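# A look at the structure
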Amino acid sequence: MIEIEARKDLASRTERLDAVFAALADPTRRAIIERLSRGEARVTEVAEPFHMSLNAVSKHIRVLEASGVVERQKKGRDHILSINTHSLDAVDGWIGRTRSYWEKRLDAMEQLLRELKKEQKSAPKDRKHGRR
Amino acid sequence: MAGDDPAGPIVQLRRRVKATAEEIFELWTKPDLMARWMSPFPGAVDCKASCDFRPGGSYSLVMSSEEARREVSGTYVQIDRPRKLVFTWMGPLTNHVNTLVTLELNPRGDETDLVLTHERLPTPEMHVGHTKGWGHILDHLAEVVEAS
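Residues numbered from 1 in each chain as written. Chains lettered and ligands numbered in written order. Predicted model: local features only at pLDDT ≥ 70, side-chain atom pairs only at ≥ 80, totals over all residues.

### Re the nonpolar core
Among the nonpolar cores identified, the biggest contains 26 residues, and B:Ile24, B:Phe25, B:Leu27, B:Trp28, B:Leu61, B:Leu105 and B:Leu114 are the most heavily contacted of them. With five residues, the single largest contributor to this core is helix H1 (residues 21-29) of chain B. Leave out the neighbours within four places in its chain, and B:Ile24 touches B:Val17, B:Ala19, B:Leu105, B:Thr112 and B:Leu114. Among the nonpolar cores identified, the runner-up in size contains 24 residues, and A:Leu17, A:Ile32, A:Val46 and A:Ala47 belong to it. (Core = buried A, V, L, I, M, F, W, Y, C linked by C-beta atoms within 7 Å. Buried ≥ 20, exposed ≤ 12 C-beta atoms within 10 Å, placed from the backbone. Helix = DSSP H or I, 4+ residues; strand = E, 2+ residues; numbered from the N terminus. Contact = placed C-beta atoms within 7 Å.)

Here it is in C-alpha cells:
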C-alpha cells in the first residue's frame with residue numbers, strides 16, 4: 001500500500017483504479033467509507049465504533065488516503081476526514097464503459113441473429129447445425 | 001450482484017433474445033460468427049477470431065479499422081453448452097487487466113434470457129483484507145441493466 005502511495009503521481013489509470021479497488025476490498029475500510037459518506041468526521045469519531053486500537057484504524061485510514069478515496073484536513077488539533085467522491089469516478093468510469101461496450105455488442109449480436117434467420121429462410125439447405 | 005460474494009465491481013446486462021440458447025451459443029463460440037458481431041468498429045472492417053474451444057483453451061480477437069486496432073484475448077474457464085460460458089477477458093476495455101465474463105442462457109420457450117456478467121478479478125492486494133464481498137455501500141457502483 002505504501003508502494004501505491006509512492007507510485008500515485010505516476011500511476012496510470014489502471015493503477016489508480018486498482019488502488020481504489022484494493023482500498024475498498026476490506027470490510028473495515030468499507031465501514032469507514034460508509035461512516036464518512038454520512039459526512040466528514042474526526043479520526044477519533046471514525047475509530048470509535050471499531051473493536052480495534054486507534055492505531056489499527058489509523059492504518060486503514062492511511063490506506064484509504066493513499067488510494068485517494070479519503071482526504072485528511074487539519075483543523076487546529078483535529079484531523080478531519082472526508083471522502084473524495086471524485087476518486088470513485090474511476091470505478092464508475094470502468095462500469096460505464098464496460099456497460100456501453102456490451103450494450104452495443106449485444107445489439108450487433110441480435111442484428112446478426114436476424115440476418116442469419118433471413119439467410120436460413122432463403123437457403124434452408126445451408127443450415128449446418130441441425131437441432132438434436 | 002452476480003454470485004454471493006463478488007470481489008469487485010460488476011457490470012451485468014440482461015436481455016430477452018429471440019433465438020434459441022443453442023443459436024446464441026454458436027455466435028459466442030464459432031470464430032467465423034464471433035468475427036461478425038464482436039468488433040466495436042462500424043462496418044466490421046476487419047476482425048479475426050480464433051479459439052481453442054475447451055476449458056483452459058484460449059481465444060483471441062483482433063479487430064481493426066483504418067485507424068485503430070484492438071486485440072482481446074482470454075481463456076475459457078467453463079463451457080456448459082448451450083447454457084453457460086465463462087471466460088477471462090483482457091483488452092483495451094479492461095486496461096489490459098484480466099477480467100471475467102460469464103454468459104448465461106436460460107431458455108424461455110423459443111426465446112432465451114441472456115445474462116451477461118463482466119467482473120474485475122481481485123488484484124493480489126485485494127486478498128489481504130480477507131474481504132467478504134463489497135457491502136451495500138458499493139451497491140450503487142454495480143450496474144444492473146434491464147434491457148427490453
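From this point on, the discussion continues.
### Observations concerning the pairing of strand S6 (residues 99-108) of chain B
All names here are of chain B. For strand S5 (residues 84-89) and S6, the ladder comprises six bridges, and the chain directions are antiparallel. The residue bridging Val86 from the neighbouring strand is Thr102, located in S6. In textbook terms, the turn of a hairpin is the stretch between consecutive antiparallel strands, and for S6 and strand S7 (residues 111-120) this stretch comprises two residues, one of which, Gly109, has a positive phi near 65 degrees. (Pairing = 2+ DSSP bridges.)

### Here's the deal with the sheet that holds strand S3 (residues 78-83) of chain A
Residue and element names in this part refer to chain A. As summarised here, the arrangement of the three strands in space is S1-S3-S2, forming an open sheet in which the pairing is antiparallel. Only two strands of the sheet have a single neighbouring strand rather than two, namely strand S1 (41-42) and strand S2 (70-75). Inspection of the sheet shows S1 paired to S3 by two bridges, in the antiparallel sense. Within S3, the position partnered with Ala41 by the bridge is Leu81. The strands that helix H3 (residues 27-37) touches are S1, S2 and S3; relative to S3, the one it contacts most, it runs at about 95 degrees. (Axes fitted to C-alpha atoms, helices over the stretch in contact; angles between N-to-C directions.)

### So, H1(B)
Most of H1(B) is tucked away, with seven of its nine residues classed as buried. Every buried residue belonging to H1(B) is among B:Ala21, B:Glu23, B:Ile24, B:Phe25, B:Leu27, B:Trp28 and B:Thr29, and all of these are buried.

### Re the confidence of the model for chain B
Predicted coordinates in areas of low pLDDT are best not read in detail. All names here are of chain B. When pLDDT is averaged along chain B, the result is 75; 72% of the residues meet or exceed 70. Per-element confidence in chain B ranges from a low mean pLDDT of 32 for strand S8 (residues 143-146) to a high of 95 for H1. Note that residues 1-7 has pLDDT below 50 and, in this model, 17 contacts with residues that lie over four places away or in other chains. Contacts of residues 123-148 to residues separated by more than four positions or lying in other chains number 53 contacts, the stretch itself having pLDDT below 50. Scored by ipTM, the complex comes to 0.75, with pTM at 0.63. (pLDDT = per-residue confidence, 0-100.)

### Side note on the pairing of S7(B)
Remark: a regular strand shows side chains that alternate across the two faces of the sheet. Residue and element names in this part refer to chain B. The element S7 is extensively covered by neighbouring structure, given that seven of its 10 residues are classed as buried. When strand S1 (residues 10-17) meets S7, the two strands line up antiparallel, connected through eight bridges. When the bridges of S7 are listed, Val17 appears paired with Thr112. Pairing of S6 with S7 involves 10 bridges; the strand directions are antiparallel. Bridge pairing in S7 places Thr99 opposite Arg120.

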